[in-house]
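Fold and geometry: a report
Below, each chain spelled out in residue letters.
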Amino acid sequence: MADLEELNAHDHAGMRLGDLPGRRPHFVQIVASEFAAAAAACPIFLTKNAETGQFYAGAMFGFEPGENLLDATEGGARLFQPLDLERQGFFVGPESEVLVDPAHPRFATGRGPALFESDGQPTQAARRVQQALGRLQAGVRETDDLIKVLLAHKLVEPIDIDLSFDDGRSLSLGGLYTVSLDALGELDDAAALQLFRSGQLQLAYAMTGSLKQLSRLAALRNDRLAA
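How each quantity is defined
Residues numbered from 1 in each chain as written. Predicted model: local features only at pLDDT ≥ 70, side-chain atom pairs only at ≥ 80, totals over all residues. Heavy atoms only, no water. Salt bridge = Lys/Arg side-chain N within 4 Å of Asp/Glu carboxyl O. Helix = DSSP H or I, 4+ residues; strand = E, 2+ residues; numbered from the N terminus. Buried < 20%, exposed > 50% of the residue type's maximum accessible area, 1.4 Å probe, protein only. Pairing = 2+ DSSP bridges.

1. Side note on the pattern of salt bridges
This structure, assessed with the given rule, holds four salt bridges. Ionic pairing is found between Arg-221 and Glu-64, a salt bridge with its closest N-O pair at 2.9 Å. One end of the pair, Arg-221, is in helix α8 (residues 213–226); the other, Glu-64, is in the loop between β4 (55–60) and α2 (76–79), and 157 residues separate them in sequence. As a salt-bridge pair, Arg-221 and Glu-67 come within 2.7 Å of each other at their nearest N and O atoms. Note that Arg-221 is positioned in helix α8 and Glu-67 in the loop between β4 and α2, a separation of 154 residues in sequence.

Right, here's the structure in full:
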């Protein structure tokens, strides 16, 4: 565990918010409030935490570790930036205070916007991080509730993805789950109305709609191979 410090103007006056080093991960946890933006850029899946076995939602940017296909597109990194990446280096403490890991690589360059003004007030960059942390904390609870409802209505199903690329290579992706359109269509009226009024039906359809981004990612991968 990193040595975390409570963020404050006295100890961290000179700290600057650098860019995230390297490429974004190929699969990043997201929360329900991000589904609409994510679905316009990349596929959304459910998968299980390797340690707990609990489902969580994630956005896929590439097909294997180290591959981020959106970063190769013009404006791709700005098209959708997950909260979990925005808050890298920062955490929420037990009293809802903001904690920082000074050893995180994004602080190593000394470049980027400052976190505090000369009078000790947080800068816009610091406030963005605080907002990301708040949305992420609330969003994890909302997303857990969504997943519980999807499981209770038996709407979650595994999805097998087999892809072939122009270099002759094939990839099979396992351990991924989505929402079953057939099961959604078989919901009784009361359940469908409840899901609709809670906003969870729209989230379910955002997940299923995002699957069309799989072919876009595959095309981006083939373009990269051709280049």
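2. As for unusual backbone geometry
Even without being glycine, Ser-96 reaches a positive phi, approximately 65°. What makes Ser-96 exposed here is its relative accessible area of 55%.

3. Here we look at the pairing of strand β8 (residues 161–164)
Only one face of β8 is covered, namely the face carrying Ile-161 and Leu-163; the face carrying Asp-162 and Ser-164 is uncovered. Inspection of the sheet shows β8 paired to strand β9 (residues 170–173) by four bridges, in the antiparallel sense. The residue bridging Ile-161 from the neighbouring strand is Leu-173, located in β9. Between β8 and β9, which follow one another and run antiparallel, lie five residues, and Gly-168 among them has a positive phi close to 90°.

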